Amino acid sequence: MAVKKMGQQTIRFPLPPKIISAYSIVGPKEGEGPLKDWFDEILEDDMIKEKTWEKAESKMLRSAINASLKNCQKTPEDIDFLLSGDLLNQLMSASYTARDLGIPFYGLYGACSTMTESLSLASMLIDGGFADHVIAATSSHFSTAERQYRFPLEHGNQKPPTAQWTVTGSGALVLASQGAGPVITHITAGKVVDFGVTDANNMGAAMAPAAVDTIAIHFSDTGRSPDFYDLILTGDLGQLGKQIAKDLLTEKGFNVESVYNDCGVMIFDSINQDTHCGGSGCGCSASVFCGNIYKRMMKKELKNVLLVSTGALLSTISTQQGESIPGIAHAVAVSI
Amino acid sequence: MSQKKNRMNQKYNYYVNNVAPKPKYISNCIKAFFTGGTVCIIGFILQKWIQSKGLDQKTASSIVIMILIFSAQFLTGLGVFDDIVKFAGAGLIVPITGFANSIVSPAMEYKKEGIVLGVGAKLFSLAGPVLVWGFSASVIIGIIYAIIT
């Protein structure tokens, strides 16, 4: 019997896993943004002396994982599982990182929702008694995403104002059954929600309904209200998606105005950095959570946070075939 | 898809279109007009100058096209063409400069996948459709022209 499940889509952890370590790495552009003082490491060059962008992304993810291990004095041998994913075809960055680390690996694809997808599954592995230490990590890189999903980097074009900027960044979290740090109390798994948006340059609008669906179900499943949280943080809806999510939540009767924010909005100064609607990518919610939120929780500035990473499950083929963009959002409730 | 879901989607998309920020059509058009015009003026001045050196008009305009293509390729190689286009928009994409950029940018990008399957296969990934449908249209128009005259 599923004794830990509550309501429709939520799981409560009687033995909440602890986040004992976090590490974030971002690229130079993110390192000039409003959160620059929070990131653990800012790359001077987003190629990191590698020959290809893909190798650079993989190196960034590997460095984040290694540094998060170092922070809690663990070695790869201490870790039972690595749950990781990225935006690239066949999870190139995560797979090559896992090859070099030698930790048992589950590759996950949740588009930009991978941070909370990996956190959710990692928490279940620990609470279920299957593991003592699990790493949840993810990355994205502007240049690898751009060449896979859009145009060559040097191609001249004008992006529409609804477009977002893929974050070059990576975040790694070490979860443990024992230790000190914020705990994951609940997770709410998201459904795939599709409201028929077909514009691949407007992913905020495509993903916002999924985020709203997951947040609303989280409240009804747990009996919590927006007041319970100091911060409800969506992954990468951007300015437009944030506005839409707020409107839709208000329509459903949840007033989140004072506690709601979005990682994609926080990470860039959209006017001065020319990022249009804000940041996107797995690395967006990963680096903001590992950099900013985790540290603020450790300082007890934030006590209860609901992280809702959002993903647009589109591919280049689905876009070319005129399919609409399915969105997904997984919620993770973190408390200290 | 059920009708109800369809209606819901339509309603949502209508709402999204209303709240979404719109491109600045007027200022984009003005910028494109002046940058595109500047390219044409430069081309014209070059052509007249080359003609003044004793070449006929046809040869001179071919040389001008080569100079414009080279400039766009060179600026693409330096990594600044895309930054200029961000401002200029159609003013630089519509002239031959945009075409040059759409061939050089994949050549640079896909070099990492090798000379054959990278550069060779992807060189025309952006310009290819323009060529295919440009040639097709010219053939059809040519046939129509032959029939009429």
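Scoring rules and cut-offs
- Residues numbered from 1 in each chain as written.
- Chains lettered and ligands numbered in written order.
- Predicted model: local features only at pLDDT ≥ 70, side-chain atom pairs only at ≥ 80, totals over all residues.
- Heavy atoms only, no water.
- Helix = DSSP H or I, 4+ residues; strand = E, 2+ residues; numbered from the N terminus.
- Rg over C-alpha atoms; globule rule 2.2 N^0.38 Å.
- Buried < 20%, exposed > 50% of the residue type's maximum accessible area, 1.4 Å probe, protein only.
- Contact = heavy atoms within 4.5 Å.
- Areas by Shrake-Rupley, 256 points an atom, 1.4 Å probe, with all protein chains shown as cover.
- Lys, Arg positive; Asp, Glu negative; His and termini not counted.
- Charge placed at Lys NZ, Arg CZ, Asp CG, Glu CD.
- Phe/Tyr/Trp six-rings, centres within 6.5 Å; stacked < 30°, edge-to-face > 60°.
- Lys NZ or Arg CZ within 6 Å of the ring centre and 35° of its normal.
- Axes fitted to C-alpha atoms, helices over the stretch in contact; angles between N-to-C directions.
- Parallel < 35°, antiparallel > 145°, perpendicular 65-115°, else oblique.
- Left-handed = near helix turned anticlockwise from the far one by under 90°.
- Nonpolar A, V, L, I, M, F, W, Y, C, P; charged D, E, K, R; others polar.
- Buried area = accessible area lost by both parts, 1.4 Å probe.
- Salt bridge = Lys/Arg side-chain N within 4 Å of Asp/Glu carboxyl O.
- Polar contact = N/O pair within 3.5 Å; in protein donor to acceptor, adjacent residues only side chain to side chain.
- Domains from an automatic or database assignment.
- Pairing = 2+ DSSP bridges.

Quick look at the overall build of chain B
Then step 1. Looking only at helices and strands, chain B has eight helices and zero strands in total.
Then step 2. For chain B, the α and β elements follow one another from N to C terminus as α-α-α-α-α-α-α-α.
Then step 3. Over its C-alpha trace chain B gives a radius of gyration of 21 Å, far above what one expects of a compact globule, namely 15 Å for 149 residues.
Then step 4. The dimensions of chain B, computed from C-alpha atoms along their principal axes, are 70 × 40 × 40 Å.
Then step 5. Of all 149 residues assigned to chain B, the portion counted as buried reaches 26%.
Then step 6. Residue pairs in contact within chain B that sit at least 24 positions apart in sequence constitute 43% of those at least 6 positions apart.
Then step 7. Just so you have it, chain B exposes about 10,100 Å², and 73% of that area is on carbon and sulfur atoms.
Then step 8. Side chains of chain B carry 14 positive and 5 negative charges; the gap between the two charge centres is 15 Å.

What about the packing of aromatic side chains?
Then step 1. Summed over the entire model, instances satisfying the criterion amount to eight aromatic pairs over all chains.
Then step 2. On the basis of an interplanar angle of 90° and a centroid distance of 5.3 Å, the ring pair of B:Phe33 and B:Phe34 is categorised as edge-to-face.
Then step 3. Through a chain of ring-to-ring contacts, the aromatic side chains of A:Phe195, B:Tyr12 and B:Tyr15 assemble into a single cluster.
Then step 4. Its guanidinium or amino end placed over the ring of B:Tyr110, B:Lys122 lies 4.4 Å from that ring's centre, counting from NZ or CZ.

Describing the packing of helix H6 (residues 238-251) of chain A against helix H1 (residues 3-19) of chain B
Then step 1. Two elements in contact, H6(A) and H1(B), have axes separated by 11 Å at closest approach and are oriented at 130°. Overall, the two elements H6(A) and H1(B) adopt an arrangement that is oblique. When you trace H6(A) past H1(B), the crossing you get is right-handed. Note on element contacts: H1(B) touches H6(A) through B:Tyr12, B:Tyr15, B:Val16 and B:Val19, opposite A:Leu240, A:Gln243, A:Ile244, A:Asp247 and A:Leu248.
Then step 2. Its residues placed into classes, the contact of H6(A) with H1(B) shows seven nonpolar, one polar and one charged.

Concerning the interface of chain B and chain A
Then step 1. Taken together, the contact pairs 32 residues of chain B with 29 residues of chain A.
Then step 2. For the pairing of chain B and chain A, the buried interface totals around 2,500 Å² over both sides, and the portion due to carbon and sulfur atoms is 57%.
Then step 3. When the buried surface of chain B facing chain A is broken down by residue, B:Tyr12, B:Glu109 and B:Lys112 rank first, second and third, together holding 25% of it.
Then step 4. Linking chain B to chain A there are three salt bridges.
Then step 5. Between B:Glu113 and A:Arg147 there is a salt bridge whose closest N-O contact spans 3.0 Å.
Then step 6. Of all the elements in the fold, those that place two or more residues in the side of chain B that touches chain A are H1, helix H4 (81-88) and helix H6 (96-109) of chain B.
Then step 7. The element contributing the most residues to the side of chain B that touches chain A is H1(B), with eight residues.
Then step 8. Residues of the side of chain B that touches chain A, tallied by class, amount to 16 nonpolar, nine polar and seven charged.

A closer look at the pattern of salt bridges
Then step 1. Evaluation of the coordinates by the stated rule reveals 14 salt bridges over all chains.
Then step 2. Note that A:Asp100 and A:Arg62 form a salt bridge whose closest N and O atoms lie 2.9 Å from each other. Separated by 38 residues along the polypeptide, A:Asp100 in helix H2 (residues 92-101) and A:Arg62 in helix H1 (residues 53-71) bring together distant segments of the chain.
Then step 3. A relative accessible area of 23% means that A:Arg62 is categorised as partly exposed.
Then step 4. The partner of B:Glu109 in a salt bridge is A:Arg147, with the nearest N and O atoms 2.6 Å apart. You can see B:Glu109 sitting in helix H6 and its partner A:Arg147 sitting in helix H4 (residues 142-149), one on each of two chains.
Then step 5. Taking relative accessible area as the criterion, A:Arg147 reaches 8% and is therefore assigned buried.

With respect to the side chain of A:Ser287
Residues and elements named next belong to chain A.
Then step 1. Turning to its location among the elements, serine 287 is positioned in helix H8 (residues 282-298).
Then step 2. A distance of 3.4 Å separates a polar side-chain atom of serine 287 from the backbone oxygen of cysteine 284.
Then step 3. The contacts of serine 287, once residues within four sequence positions are left out, are Ser24, Ile25, Val26, Phe39, Val167, Ser170, Ile267 and Asn292.

Some points on the domain arrangement of chain A
Residues and elements named next belong to chain A.
Then step 1. Looking at the assigned domains, one finds that chain A contains domain 1 (5-176) and domain 2 (183-335).
Then step 2. For domain 1 and domain 2, the distance between their C-alpha centroids amounts to 17 Å.
Then step 3. If you look at the interface, domain 1 gives 64 residues, while domain 2 gives 64 residues.
Then step 4. Taking both partners together, domain 1 and domain 2 bury about 4,900 Å²; carbon and sulfur atoms supply 63% of that area.
Then step 5. Between the two partners, domain 1 and domain 2, sit one salt bridge.
Then step 6. In this structure, aspartate 40 and lysine 295 form a salt bridge, with 3.0 Å as the shortest nitrogen-oxygen distance.
Then step 7. For the side of domain 1 that touches domain 2, the secondary structure elements donating two or more residues are strand S2 (10-12), strand S3 (18-26), helix H3 (114-127), strand S7 (133-140), H4, strand S8 (165-166) and strand S9 (169-176).
Then step 8. Residues of the side of domain 1 that touches domain 2, tallied by class, amount to 31 nonpolar, 23 polar and ten charged.

A word on the pairing of S7(A)
All names here are of chain A.
Then step 1. Across the eight residues of S7, eight count as buried, placing the element largely inside the fold.
Then step 2. Here S7 shows two buried faces, one formed by His133, Ile135, Ala137 and Ser139 and the other by Val134, Ala136, Thr138 and Ser140.
Then step 3. Two strands pair when backbone bridges link them, and strand S5 (residues 81-85) and S7 are joined in this way by five bridges, in the parallel orientation. Its bridge partner lying in S7, phenylalanine 81 is registered against valine 134.

Points about the packing of helix H3 (residues 57-78) of chain B against H6(B)
Residue and element names in this part refer to chain B.
Then step 1. Direction vectors running N to C along H3 and H6 enclose 40°, while the axes themselves pass 8 Å from each other. Considering the angle they form, H3 stands oblique to H6. You can see that H3 and H6 cross each other, and the crossing is right-handed. Between H3, through Ile65, Leu68, Ile69, Ala72, Gln73, Thr76 and Gly77, and H6, the contact on the second element is made entirely by Ile96, Thr97, Ala100, Asn101, Val104, Ser105 and Met108.
Then step 2. For the contact of H3 with H6, the residue count by class is eight nonpolar, six polar and no charged.

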